[in-house]
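Each chain is listed here by its residues.
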Amino acid sequence: LGATEHPVQVPRGDPPGGQRVGEALGRQRHAARLAGRELLHAVIQPGHADGMEVRAARRDELRALHEARIATWRRAYRGVVPDEYLDELTLTDEVLAKVQARYDEGTAQTVGAWDAGTVVGMAVAGPCRDEDREGERELYALYVLPSHWGTGTGLLLWQTVQPFSSLWVLEGNT
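Residues numbered from 1 in each chain as written. Predicted model: local features only at pLDDT ≥ 70, side-chain atom pairs only at ≥ 80, totals over all residues. Heavy atoms only, no water.

A.B. asks: So what's going on with unusual backbone geometry? Which residues, and what values?
C.D. replies: Most of the time, phi is negative for any residue but glycine, and the peptide bond is trans. The amide bond that connects Q162 to the next residue, P163, takes the cis arrangement and shows omega of 0 degrees. Checked against the element boundaries, P163 lands in the loop between α5 (153-160) and β6 (166-170). Within the chain, A116 stands out as a residue other than glycine whose phi angle is a positive 55 degrees. Tracing the chain through its elements places A116 in the loop between β3 (109-115) and β4 (118-127). Given a relative accessible area of 74%, A116 falls into the exposed group. (Helix = DSSP H or I, 4+ residues; strand = E, 2+ residues; numbered from the N terminus. Buried < 20%, exposed > 50% of the residue type's maximum accessible area, 1.4 Å probe, protein only.)

A.B. asks: Which residues make up the side chain of T151, and what values go with them?
C.D. replies: Along the chain, the position of T151 falls in the loop between β5 (137-144) and α5. Overall, the relative accessible area of 1% leaves T151 in the buried class. A distance of 2.7 Å separates the side chain of T151 from the backbone oxygen of H148, its partner in a polar contact. (Polar contact = N/O pair within 3.5 Å; in protein donor to acceptor, adjacent residues only side chain to side chain.)

A.B. asks: Requested: an account of the nonpolar core, with residues and values cited.
C.D. replies: Membership of the largest hydrophobic core comes to 25 residues, with the highest contact counts inside it found for L65, W73, Y77, V81, L86, L89 and Y143. Elements with a contribution of two residues or more to this core: α2 (62-76), α3 (83-88), α4 (93-105), β4 and β5. (Core = buried A, V, L, I, M, F, W, Y, C linked by side-chain atoms within 4.5 Å.)

A.B. asks: Please give an account of the pattern of salt bridges that cites residues and values.
C.D. replies: Taken as a whole and judged by the stated rule, the model has 11 salt bridges. Close ionic contact of E94 with K98 constitutes a salt bridge, the shortest N to O distance being 3.8 Å. Of the two residues, E94 and K98 are both situated in helix α4; the distance of 4 residues between them amounts to about one turn of the helix. Residue classification places E94 among the exposed residues on the basis of a relative accessible area of 55%. It is possible to trace a salt-bridge network through shared partners that takes in E53, R55, R58, D60 and E61. (Salt bridge = Lys/Arg side-chain N within 4 Å of Asp/Glu carboxyl O.)

A.B. asks: Provide a residue-level description of the environment of I70, including the pertinent values.
C.D. replies: Along the chain, I70 falls in helix α2. C-alpha of I70 to C-alpha of L89: the two residues are 19 residues apart in sequence and 6.8 Å apart in space. Those residues within four positions of I70 in sequence are excluded, and the remaining contacts are L89, T90 and L91. (Contact = heavy atoms within 4.5 Å.)

Without other data, these values stay purely geometric and don't point to any function.
Structure representation (structure tokens):
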């Protein structure tokens, strides 16, 4: 989930062909009212999320969280985003510095999920960027490593960053 302009999203840049990913794919806005909405169905492997630690992230953990984000992008968006773009994604020192600067602002909530001390997911929520939702919160990102899909990790992250009322997703990722 997410829009390419937030620090926890894919770094801005031109993929092969010269178009930005958001422009090439066309972003689809999902501003449905999510706050207070019941989660109707979740497929969770019983017991698999036992021992999972979901908590606020520290600044020194941002690199590992964003490396997990990139690994998730490479798997989840294959066939949605050009392969060349995904293959070239890296967490450069420059991108990490931007992530850290935005973290230091303190306006967004960054949480991580750890399984046996290893990062397996992350979520970020903060002030909504939609003009018609001033004062509300937006889910900027929620990523879980493929090895933990279906374990309840995403649900734990989702619940931890509530409430929010807006999110953006790429077309083809709905």
